[in-house]
Amino acid sequence: GFVPGLFGTSHGALQFMAYEDLKLRYNTYRNRVSDAKLNTVEYILMAAVSKIFAVAATYPYQVVRARLQDQHNTYSGVFDVIHRTWR
């Protein structure tokens, strides 16, 4: 479970990437400069959407990691976990 655990660092990177992209697209849509500050509601909306994206993208890996770390089951590897979980 250690190697798949390393992929967990991608969660924050994906969230930050999505947040910045959403902010840029939103400011372009509103005909504002790309680094214009968002108001409170816009900030919360961009943060929530980017978090949802990051969770949806990384949750499957978290299931695999947790199952690999489970001491009560024996798996032959990552693909075995994915196959047995899908089944």
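As a reminder, the structure under discussion sits directly above these lines.
Each chain has its residues counted from 1, following the order in which its sequence is written. For a predicted model such as this one, the threshold for reporting local features is a pLDDT of at least 70, and the threshold for listing and counting side-chain atom pairs is 80 or more; totals across whole chains, interfaces and linings nevertheless cover every residue. Think of the side-chain values as coming from all heavy atoms in the structure, minus any hydrogens and water.

Turning to the overall build of the protein, a few remarks are in order. Per the convention used, a helix needs a DSSP run of H or I reaching at least four residues, while a strand needs a run of E reaching at least two, with both numbered from the N terminus. Regarding its fold elements, the protein presents four helices and zero strands. For the protein, the sequential pattern of α-helices and β-strands runs α-α-α-α. Over its C-alpha atoms the protein spans a radius of gyration of 18 Å, topping by over 25% the 12 Å that the globule rule assigns to 87 residues. Counting only C-alpha atoms and orienting by the principal axes, one finds that the protein spans roughly 55 × 25 × 20 Å. Within the protein, counting contacts between residues at least 6 apart in sequence, those at least 24 apart form 52% of the total. Between the two quantities, the radius of gyration covers C-alpha atoms and the globule rule is 2.2 Å times the number of residues to the power 0.38. The contact rule is simple, with two residues in contact once any of their heavy atoms fall within 4.5 Å.

Taken together, the side chains of Val78, Phe79 and Ile82 define a hydrophobic patch exposed on the protein surface, amounting to about 320 Å² of accessible area. Summarising the element assignment, Val78 is placed in helix H4 (residues 78-86). Without a salt bridge and with relative accessible area above 30%, a residue can belong to a patch; like charges are then joined within 9 Å and nonpolar side chains (Val, Leu, Ile, Met, Phe, Trp, Tyr) within 5 Å. Each accessible area is a Shrake-Rupley result for a 1.4 Å probe, and residues are judged covered by the shown protein chains and nothing else. For salt bridges, the criterion is a side-chain nitrogen of Lys or Arg within 4 Å of an Asp or Glu carboxyl oxygen.

Attention now goes to the environment of Arg32. For Arg32, the location among the structural elements is in the loop between helix H2 (10-29) and helix H3 (40-69). For Arg32, a relative accessible area of 30% gives the class partly exposed. Each C-alpha atom of the pair Arg32 and Met17 lies 20 Å from the other, and the pair is 15 residues apart in sequence. Ignoring sequence-local partners within four residues, the contact set of Arg32 consists of Tyr26, Asn27, Lys37, Leu38 and Glu42. The buried label applies to any residue whose accessible area, calculated with a 1.4 Å probe on protein chains only, is under 20% of its type's maximum; exposed applies above 50%, and partly exposed to all values in between.

Moving on, we get to the side chain of Glu42. Relative to the helices and strands, Glu42 resides in helix H3. The exposure class assigned to Glu42 is buried, which follows from its relative accessible area of 8%. The residues contacting Glu42, other than those within four sequence positions of it, are Tyr26 and Arg32.

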